[in-house]
Amino acid sequence: MTTSPTPDARPLDLAALSVGDELSRAVHTLDRDALVRYAGASGDFNPIHYNDAVAEQAGLPGVIAHGMLTMGTAITGLLEAVGDPTLVTAYSTRFTGMVPVPATGEVALEVVATVGAIDESAGTARVDLAAVVDGEKVLGRARATLALPRRTQDAEADAAGAA
Amino acid sequence: MIGGTASVGPRADPTSGDTVTTSPDPAFAGRTYPAGPVHTVSAAKIVEFARATGAPSPLHTDPEAARAAGHADVVAPPTLLVSLAQATEALYVEDRAAGIDFARVVHGEESFSLHLPVVAGDRLVPTLSFESVRAAGGHAMVTTRVDLADEDGAEVAAVRSMLVVRGD
């Protein structure tokens, strides 16, 4: 489940981004049900993600979330902000902290997406994701590439030139 | 993580009885496997995966919305291809000569390069390569890449995965 602060009425203008812009801020809750659902959807049935005894035998504190569930969930705030998911042309991360998920209750994955860089000639923006559970960073160097639309004034200049 | 039981310690190969080593073979760096079988992207899996990760766009779950946006069918969220990539990486697990004990494996990094939207019904050909096998601090870091192409050979996406194999 995801909750986001009430968005600004102004929709995100991808043609006018600046480095440092915060694109999304969201809290995603992860519980055992979410891990089971992700195991089914992804085909990753590693029992450390649903069986405490197996997780503990493997040296873990208990069941932990799939790294890929954390990665897949962490980008969804940005996806909501940009609308069209196909604008994400790259996404990468390191897994820096495991996410134990208790048998009852839930944990909160807090994610903030910020414009880290803009490449005008490539027409892309790098968006950096900060993902934290209980104050601990769980994803390192998590970044997505967004394909940006042409800037409005460039598109208008092209149209005028072609007229 | 790649599927498989999380058994602890060295395991006997079920066929030969030999003990599986815990050291990935550095000679595997640079190796490319033959292309895997064609995989058809599933609409049902796209919907499940979008729901499981909380991906909000109707393009993932509503074929009419996806078609209105110019796609043939529902569109995959950005990390969906991990399932196909890991199934292809499993070829490595079954290649015993490579020497990986999956009880010692921790997922280190993952990256997706998405050249084209991935849409239900797409037929993708996966090819696995080893980008590197390196050692640091008593552990081994194995980076694989799965390239996904359409049946005409056009690149659709690449998924890179770095696994840390903990040393003794």
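Asks: Mind laying out the overall build of chain B, listing which residues take part and the relevant values?
Replies: Within chain B, the regular secondary structure consists of 3 helices and 5 strands. Start at the N end of chain B and walk to the C end: the helices and strands fall as β-α-α-α-β-β-β-β. Within chain B, the proportion of its 168 residues that are buried is 36%. Of the contacts made within chain B by residues no fewer than 6 positions apart, 72% connect residues no fewer than 24 positions apart.

Asks: Can you break down the overall build of chain A residue by residue, with the values?
Replies: Per the secondary structure count, chain A includes 5 helices and 7 strands. Its helices and strands taken in sequence order, chain A reads β-β-α-α-α-α-β-β-β-β-β-α from the N to the C terminus. Per-residue burial over chain A gives 36% buried out of 163 residues. Taking all contacts inside chain A whose residues are at least 6 apart in sequence as the whole, residues at least 24 apart take part in 66%.

Asks: Please set out the interface of chain B and chain A residue by residue, giving values where relevant.
Replies: Counting from both sides, the interface comprises 32 residues of chain B and, opposite them, 37 residues of chain A. Ranked by residues supplied to the side of chain B that touches chain A, first place goes to strand β2 (residues 105-114) of chain B with 8 residues. Taken together, the residues that form the side of chain B that touches chain A break down as 16 nonpolar, 12 polar and 4 charged.

Asks: So what's going on with the nonpolar core? Which residues, and what values?
Replies: Grouped together as the largest cluster of nonpolar side chains are 68 residues, with contacts concentrated most on A:Ala74, A:Leu78, A:Leu129, B:Leu81 and B:Ala157. Per element, the largest residue contribution to this core is 5 residues, and it comes from strand β5 (residues 124-133) of chain A. Residue contacts for A:Leu78: discarding those within four places in its chain leaves A:Leu23, A:Ser24, A:Ala113, A:Val127 and A:Ala144.

Asks: Give me the lowdown on unusual backbone geometry, citing residues and values where you can.
Replies: Residue and element names in this part refer to chain A. Phi is positive for aspartate 134, which is not a glycine, with a value near 55°. As for its position among the elements, aspartate 134 is in the loop between β5 and β6 (136-137). Of note in the backbone geometry, arginine 141 takes a positive phi value of approximately 50° without being a glycine. Looking at where arginine 141 falls in the secondary structure, it is placed in strand β7 (residues 139-147).

Asks: An account of the pairing of strand β3 (residues 88-95) of chain A is needed here, citing residue identities and associated values.
Replies: Pairing of β3(A) with β7(A), which is carried by 6 bridges, proceeds in the antiparallel orientation. When the bridges of β7(A) are listed, A:Phe95 appears paired with A:Leu139.

Asks: Tell me about helix α1 (residues 32-42) of chain A, and please be specific about residues and values.
Replies: Residues and elements named next belong to chain A. Among the residues of α1, those classed as buried are Ala34, Leu35, Tyr38, Ala41 and Ser42. Seen end-on, α1 carries its buried residues on one side only, within an arc spanning 130°. Residue glycine 43 follows α1 closely and has a positive phi angle near 80°.

Asks: Let's hear about the environment of B:Glu151: which residues, and what values?
Replies: Residues and elements named next belong to chain B. Among the secondary structure elements, glutamate 151 is positioned in the loop between β4 (139-150) and β5 (155-165). Looking at glutamate 151, the number of C-beta atoms within 10 Å reads 10, which means it is exposed. Once the C-alpha coordinates of glutamate 151 and valine 38 are considered, the two residues, 113 residues apart in sequence, prove to be 7.9 Å apart. Among residues more than four places away in sequence, those in contact with glutamate 151 are Val38, Arg123 and Val125.

Asks: Tell me what's going on with the packing of α1(A) against helix α1 (residues 43-53) of chain B, and back it up with residues and numbers.
Replies: Relative to each other, α1(A) and α1(B) sit at 155°, their axes nearing to 9 Å. The pairing of α1(A) with α1(B) is recorded here as roughly antiparallel in orientation. By crossing handedness, the relation of α1(A) to α1(B) is classed as left-handed. Judged by residue contacts, A:Arg37, A:Tyr38, A:Gly40, A:Ala41 and A:Ser42 of α1(A) engage B:Lys45, B:Glu48, B:Phe49, B:Ala52 and B:Thr53 from α1(B). Considering only residue class, the contact of α1(A) with α1(B) consists of 4 nonpolar, 3 polar and 3 charged.

Asks: If you had to explain the environment of B:Gly36 to someone new, which residues and values would you point to?
Replies: Residue and element names in this part refer to chain B. Mapped onto the elements, glycine 36 comes out in the segment before β1 (39-40). In sequence terms glycine 36 and alanine 52 are 16 residues apart; their C-alpha atoms lie 27 Å from each other. Among all residues touching glycine 36, those that are not within four sequence positions of it are Thr88, Pro126 and Thr127.

Asks: Tell me what's going on with helix α3 (residues 67-74) of chain A, and back it up with residues and numbers.
Replies: With 8 of 8 residues buried, α3(A) is to be regarded as a mostly interior element. Listed as buried for α3(A) are A:Gly67, A:Met68, A:Leu69, A:Thr70, A:Met71, A:Gly72, A:Thr73 and A:Ala74.

Asks: Describe the pairing of β4(B), listing the residues and the values that go with them.
Replies: Residue and element names in this part refer to chain B. In the sheet, strand β3 (residues 123-136) pairs with β4 via 12 bridges, with the strands oriented antiparallel. Of the residues in β4, the one forming a bridge with leucine 124 is aspartate 150. What sits between the antiparallel neighbours β4 and β5 is a turn of 4 residues, in which glycine 153 has the positive phi angle 90°.

Calculation notes
- Residues numbered from 1 in each chain as written.
- Chains lettered and ligands numbered in written order.
- Predicted model: local features only at pLDDT ≥ 70, side-chain atom pairs only at ≥ 80, totals over all residues.
- Helix = DSSP H or I, 4+ residues; strand = E, 2+ residues; numbered from the N terminus.
- Buried ≥ 20, exposed ≤ 12 C-beta atoms within 10 Å, placed from the backbone.
- Contact = placed C-beta atoms within 7 Å.
- Nonpolar A, V, L, I, M, F, W, Y, C, P; charged D, E, K, R; others polar.
- Core = buried A, V, L, I, M, F, W, Y, C linked by C-beta atoms within 7 Å.
- Pairing = 2+ DSSP bridges.
- Arc of directions from axis to C-beta.
- Axes fitted to C-alpha atoms, helices over the stretch in contact; angles between N-to-C directions.
- Parallel < 35°, antiparallel > 145°, perpendicular 65-115°, else oblique.
- Left-handed = near helix turned anticlockwise from the far one by under 90°.

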